[in-house]
Amino acid sequence: MANTQWRMLGTTVLLACAASVATVTAGPAAAEPRDCTVDRWWSGAAAHCGGEGTYILEVDCFGVSVSGGQPFGPYFKSATGHTDPALDPIFTHPRRDCMNPLTLGQIGVPTDVRITQVPTRPAPSNAYE
């Protein structure tokens, strides 16, 4: 009977040590934005997130776009945002507008807006995005 108790005690100590090593070596959890809000207007959108990390504002537009792809139909815009203003104060509130007639030749309206951790649409083809 005493031999069984020593085995159980030894197994418990081994499991406790393994759990401790796994916890210490796991490292910090990945930082994620939280409490995100989207501000939409008739021609675009802006985003703001709390927490830590980066996020992507994606805006699906529909209209005329002579800067690449088909001239009439859907086109996509995206911007990367950071939650820490000390890291990059300009990109704490990323924004995208579907109306850029003078610089990009785009005249459109947003059809969908989302905040994601990874891109869900292809990258824009022009250098201004």
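The coordinates are above.
Please read all numbers here as calculations on a predicted model, not as lab measurements.

Q: Any chance you could break down the packing of aromatic side chains for me, citing the residues and the numbers?
A: Applying the stated rule across the entire model yields 1 aromatic pair. Seen from their ring centres, Phe62 and Phe72 are 5.2 Å apart, and the 75° between their planes marks the pair as edge-to-face. Residue Phe62 is located in strand β3 (residues 54–65), and its partner Phe72 is located in strand β4 (residues 72–82); the two are separated by 10 residues in the primary sequence. You can call Phe62 partly exposed: its relative accessible area is 37%. When its relative accessible area of 53% is taken as the criterion, Phe72 is described as exposed.

Q: Pulling in residues and values, what's your account of unusual backbone geometry?
A: The phi dihedral of Asp35 falls on the positive side, at around 55°, and the residue is not glycine. Topologically, Asp35 is positioned in strand β1 (residues 33–41). Look at Asp35 and you get exposed, because its relative accessible area is 63%.

Q: Tell me about the environment of Pro119, residues and numbers included.
A: Structurally, Pro119 can be placed in the segment after β6 (106–116). Contact partners of Pro119, with chain neighbours within four places excluded, come to Ile56 and Glu58.

Q: Lay out the state of the cysteines in plain terms, naming residues and giving numbers.
A: Scanning the model with the defined rule gives 2 disulfides in all. Paired through a disulfide, Cys36 and Cys49 show a sulfur-sulfur distance of 2.0 Å. The chirality of the disulfide connecting Cys36 with Cys49 is right-handed, given an S-S dihedral of about 115°. On the criterion of sequence distance, the pair formed by Cys36 in strand β1 and Cys49 in strand β2 (residues 44–51) is long-range, its members being 13 residues apart. Look at Cys49 and you get buried, because its relative accessible area is 1%. The disulfide partner of Cys61 is Cys98, and the gap between their sulfur atoms is 1.9 Å. As the torsion about the S-S bond is roughly -70°, the Cys61-Cys98 disulfide counts as left-handed. Remark: Cys98 occurs in the loop between β5 (95–97) and β6 and Cys61 occurs in strand β3; sequence separation between them is 37 residues. As far as burial versus exposure is concerned, Cys61 and Cys98 are alike and both buried. Sequence-ordered numbering of the bonded cysteines in the protein chain gives a pairing of 1-2, 3-4.

Definitions and limits used
Residues numbered from 1 in each chain as written. Predicted model: local features only at pLDDT ≥ 70, side-chain atom pairs only at ≥ 80, totals over all residues. Heavy atoms only, no water. Phe/Tyr/Trp six-rings, centres within 6.5 Å; stacked < 30°, edge-to-face > 60°. Helix = DSSP H or I, 4+ residues; strand = E, 2+ residues; numbered from the N terminus. Buried < 20%, exposed > 50% of the residue type's maximum accessible area, 1.4 Å probe, protein only. Contact = heavy atoms within 4.5 Å. Disulfide = S-S within 2.5 Å.

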